[in-house]
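Each chain, written out:
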Amino acid sequence: MMQLGTRWPAGTAAPASVPEPVRAAIADAEAATASLEGQYWTLTWLEGLAIATLDDGTRVRQRPGGLAPITEPAEPEANADDDW
């Protein structure tokens, strides 16, 4: 079965299609984010499991068994463009 994703503004209620463990993790991620202004969540599905990604790169990925860990965005390497 194909599941369609969606987008919604950060800081607002997640759509009903977002599984509860992912909703809880999104709330935790938003509480730890300095500014949600102008940011959106994007919900996608992979093999029937939800993945919610915030515009800043924060990701909540549903795992089998009900877990939904939060992955913070990677910090850009200092002076990465100075190598050339």
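Summarised in this report is the structure supplied together with it. (Residues numbered from 1 in each chain as written. Predicted model: local features only at pLDDT ≥ 70, side-chain atom pairs only at ≥ 80, totals over all residues. Heavy atoms only, no water.)

1. Digging into the overall build of the chain
Formally: Strands here are runs of E lasting at least two residues and helices are runs of H or I lasting at least four, both read from the DSSP assignment and numbered beginning at the N terminus. Between buried and exposed lies partly exposed: a residue is buried under 20% and exposed over 50% of the maximum accessible area for its type, with that area taken using a 1.4 Å probe on protein chains only. Note on contacts: a residue pair qualifies if any of its non-hydrogen atoms lie within 4.5 Å across the two residues. Per-residue and other accessible areas follow the Shrake-Rupley method at a 1.4 Å probe size, with only the shown protein chains counted as cover for residues.
A count of helices and strands for the chain gives one helix and five strands. The helix and strand sequence of the chain, counted from the amino end, reads β-α-β-β-β-β. Relative to its full complement of 84 residues, the chain shows a buried share of 29%. Taking as baseline every contact in the chain between residues at least 6 positions apart, the subset at least 24 positions apart corresponds to 38%. Counting every atom, the chain has about 5,700 Å² of accessible surface; 53% of that belongs to carbon and sulfur.

2. Looking at helix α1 (residues 20-32)
As a reminder of what qualifies: Any helix carries an expected span of 1.5 Å times its number of residues minus one. Picture the helix axis, draw a direction to every C-beta atom, and the arc is the one those directions span.
For α1, with 13 residues, the first-to-last C-alpha span of 19 Å sits near the 18 Å given by 1.5 Å per residue. Inspection of α1 places Val22, Ala25, Ile26, Ala29 and Glu30 among the buried residues, and these make up the whole buried set. Taken down its axis, α1 places every buried residue within 140 degrees of arc, on the same side. Seen from the buried face of α1, the exposed residues on the opposite side, beyond 90 degrees, are Glu20, Asp28 and Ala31. On its buried face, α1 sits against β1 (6-9), β2 (40-46), β3 (49-54), β4 (59-61) and β5 (70-71).

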